[in-house]
Amino acid sequence: MRIGAHQRTGKGLGDAIERAASIGCEAVQVFAANPSAWHTRAIPVDVATVFRSLTGRYDIRPTVIHTQYLLNLATSDEAVYARSVNALADSLVRADALGAEMVVTHIGSHRGLGMESGIRRVQDAVRNVLTGSDSPALLLLENSAGAGDLVGSRFEELRAILDGLPEFGGRLGICLDTAHLWGAGYDVSDSEAVSRAMDEFDSLVGLEWLKLVHLNDSRSKLGSRSDRHANIGQGEIGIAGIAAFMKHPALADMTVIIETPAQSPDDHARDIALLKELRGQL
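Before going into details, it helps to say that this report is about the structure given with it.

Here we take up the overall build of the chain. Counting its secondary structure elements, the chain contains nine helices and 10 strands. Compactness check: the chain gives a C-alpha radius of gyration of 18 Å against a globular reference of 19 Å for 282 residues, within 12% of the reference. Its C-alpha atoms give the chain principal-axis dimensions of roughly 50 × 45 × 30 Å. Buried residues in the chain amount to 54% of all 282 residues. Long-range pairs, those at least 24 residues apart, make up 77% of the contacts in the chain with a sequence separation of at least 6. If you sum the accessible surface of the chain, you get close to 11,700 Å²; carbon and sulfur atoms cover 49% of it. Where the 27 positive side-chain charges of the chain centre and where its 36 negative ones centre are 5 Å apart.

Summed over all chains, the structure comprises 11 salt bridges. Residue Arg 2 is joined to Asp 59 by a salt bridge in which the shortest nitrogen-to-oxygen separation is 3.8 Å. Of the two residues, Arg 2 sits in strand S1 (residues 2–6) while Asp 59 sits in the loop between helix H2 (45–57) and strand S3 (63–66), which places them 57 residues apart along the sequence. Here Arg 19 makes a salt bridge to Asp 15, at a shortest N to O gap of 2.5 Å. Pair noted here: Arg 19 and Asp 15 are both in helix H1 (residues 13–22), with a separation of four residues, about one helical turn. Residue Asp 15 is classed as partly exposed on the basis of its relative accessible area, which comes to 27%. Linked by salt bridges that have partners in common, Arg 2, Asp 59 and Arg 61 make up one network.

What follows concerns the environment of Arg 225. By secondary structure assignment, the location of Arg 225 is in the loop between strand S8 (217–218) and strand S9 (229–230). In this structure, the C-alpha to C-alpha distance between Arg 225 and Val 28, residues 197 residues apart in sequence, is 27 Å.

As a further point, take the nonpolar core. Counting residues in hydrophobic clusters, the biggest one holds 78 residues, and the most contacted among them are Leu 172, Ile 174 and Leu 275. If you tally residues by element for this core, the top one is helix H3 (residues 78–98), at seven residues. Non-local contacts of Leu 172, meaning those with residues more than four positions away in its chain, are made with Val 126, Leu 138, Leu 139, Leu 141, Leu 162, Leu 165 and Trp 209. Residues Val 64, Leu 140, Cys 175 and Leu 212 belong to the second largest nonpolar core, which totals nine residues.

Where burial is concerned, most of strand S4 (residues 102–106) is hidden: four out of the five residues are buried. Across three bridges, S3 lies against S4 in parallel orientation. For Val 64, the partnering residue across the bridge sits in S4 and is Met 102. You can see the chain leave S3, run along H3 and come back into S4, and the turn it takes is right-handed. Relative to strand S5 (residues 138–142), S4 is paired through five bridges, and the arrangement is parallel. For Thr 105, the partnering residue across the bridge sits in S5 and is Leu 141. In this view, the connection linking S4 to its parallel neighbour S5 by way of helix H4 (residues 115–131) has right-handed handedness.

Thresholds applied
- Residues numbered from 1 in each chain as written.
- Predicted model: local features only at pLDDT ≥ 70, side-chain atom pairs only at ≥ 80, totals over all residues.
- Heavy atoms only, no water.
- Helix = DSSP H or I, 4+ residues; strand = E, 2+ residues; numbered from the N terminus.
- Rg over C-alpha atoms; globule rule 2.2 N^0.38 Å.
- Buried < 20%, exposed > 50% of the residue type's maximum accessible area, 1.4 Å probe, protein only.
- Contact = heavy atoms within 4.5 Å.
- Areas by Shrake-Rupley, 256 points an atom, 1.4 Å probe, with all protein chains shown as cover.
- Lys, Arg positive; Asp, Glu negative; His and termini not counted.
- Charge placed at Lys NZ, Arg CZ, Asp CG, Glu CD.
- Salt bridge = Lys/Arg side-chain N within 4 Å of Asp/Glu carboxyl O.
- Core = buried A, V, L, I, M, F, W, Y, C linked by side-chain atoms within 4.5 Å.
- Pairing = 2+ DSSP bridges.
- Right-handed = clockwise from strand over helix to strand, strands pointing away.

Structure below.
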């Protein structure tokens, strides 16, 4: 198991890797564009070269790109949908420039369109993007906490999306966020609960589709459909639940990325150290 953290890129992509290495990351996730804007600028060649050099120097792998927060692959709003598809395609281009192995995206909200129609929109978007791209990066769909009309909070919804995209089995996967699982009503607070949740995921989706875990504690109540991350062991999931994910045999070769609150690098350093301590107890 490799352990990493989402790192801010306000001081540059290269700085994010230097910071990740300084706090003990073995993997990293970054935004490769402004997460709150549609307009993006191409990544300069020299910046991409430095990024690739640093990830190699520090043996930080995999590198994960997270798409902008604005993407909505399930919406009936044609303007937003077109921008979302374009942004998703652009994220794969950026992944190639940086040598990133994975691109993670939120799925989005059907906004009253209905779950079945929303799922078809997601399938069409993914098909459009992957058909038009030869990127080797895996495209990962992230489960949601289920607020409002969000798609992908239930394992059945993830399975339904994948069922319509059988031709992309080698290029598509799922990223499970533990805080989102909790918000969606999946109890993952101890080893038995985590085993039940993972068994259900395997039965309904298939563990072969699971490529990445966002390992976050949660400040939200179980089943609240709320997404509020907490530092490791300091939330409602608790250390027993987090430890159960670390010890689950299906995740032994998985990469886990934390997206926990960080007022300073020390906050992420503590979370990374705690996860490594739990890993060392296996």
